[in-house]
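Commentary on secondary and tertiary structure
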Amino acid sequence: MSVEIGKVRLSLPPRQQLNFSNPRRIATINIPGAPPVQQDMGEEETVMSWEGSLIGESAYNDAIELEKLKDSGKETKLLLPGYPELNKTVRIRRFDWQLVRRDRVNYQIELVAIIPPPVVVAPAPQAQPAAQPAPGGGNQDAPPPAPATPQQEHTVVAGDTLWALAQKYLGAGPRWKEIAEANNISDPRKLQIGQKLVIPA
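What you see is a predicted model; the values in this text were computed from it and never measured.

1. Observations concerning helix H2 (residues 162-170)
For H2, every residue scored as buried is listed here: Leu162, Leu165, Ala166 and Leu170. Along the long axis of H2, the arc covered by the buried residues comes to 100°, so they all point the same way. Buried residues along H2 sit in contact with strand S10 (152-155), helix H3 (176-182) and strand S11 (196-199). Glycine 171 sits one or two positions beyond H2 and adopts a positive phi of about 85°.

What follows is the structure, given as structure tokens:
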């Protein structure tokens, strides 16, 4: 079994073991005068790690390439042939290596999966009912429809949480899920600064 990181192909050690970790975060919210509330904050980052050896004429150059990727902080592709559901966009968090010979490098590597930002979809506009003719067939103008309630929008700034936004706009922190559902947010901890959020009425 082998994996590919960017342009580098790595063979796994005899045990062929990749370690995956993506725990869920459960927050405890203490409200004065009420019992503590447990709130599921979604999954934390997905981390993949393993150790092995680069062997062959390109071993040293491959180690240098992985070191450059780590130092740059750039996103790259992790490909696992035969396991397409595990292919991810990642960053290298740690790459420790030991040069044995130019054709053999032992290493330990740790990757962090990049979670794409949530897609914000504005609700479809409501169709206005057609005007009904005045009784008796007269030419009286129908009264104008009542103006629609303006859609509230919030631009995310540093420190914002869905709980705080629900408290501010909806009057109750526990209604944060309404904002999450209106904006298709699966992980409430992954708000992006500058992101536009639709606030439901």
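2. A look at the pattern of salt bridges
One pass over the full model with this rule turns up nine salt bridges. Ionic pairing is found between aspartate 71 and lysine 70, a salt bridge with its closest N-O pair at 3.0 Å. The exposed category is assigned to aspartate 71, whose relative accessible area is 54%. For lysine 70, a relative accessible area of 22% translates into the label partly exposed.

3. Comments concerning the packing of aromatic side chains
Under the criterion given, the structure shown has three aromatic pairs. With centroids separated by 6.4 Å and ring planes inclined at 25°, the aromatic side chains of phenylalanine 95 and tryptophan 97 adopt a geometry described as stacked. Overall, the relative accessible area of 4% leaves phenylalanine 95 in the buried class. Ring geometry for phenylalanine 95 against tyrosine 107: centres 6.0 Å apart, planes inclined by 35°, an arrangement best described as tilted. Highlighted residues: phenylalanine 95 in strand S8 (residues 88-101) and tyrosine 107 in strand S9 (residues 104-113), separated in sequence by 12 residues. The same class applies to phenylalanine 95 as to tyrosine 107, namely buried. Connected via pairs of aromatic rings, a cluster forms that spans Tyr60, Phe95, Trp97 and Tyr107.

The rules behind the values
- Residues numbered from 1 in each chain as written.
- Predicted model: local features only at pLDDT ≥ 70, side-chain atom pairs only at ≥ 80, totals over all residues.
- Heavy atoms only, no water.
- Buried < 20%, exposed > 50% of the residue type's maximum accessible area, 1.4 Å probe, protein only.
- Helix = DSSP H or I, 4+ residues; strand = E, 2+ residues; numbered from the N terminus.
- Arc of directions from axis to C-beta.
- Contact = heavy atoms within 4.5 Å.
- Salt bridge = Lys/Arg side-chain N within 4 Å of Asp/Glu carboxyl O.
- Phe/Tyr/Trp six-rings, centres within 6.5 Å; stacked < 30°, edge-to-face > 60°.

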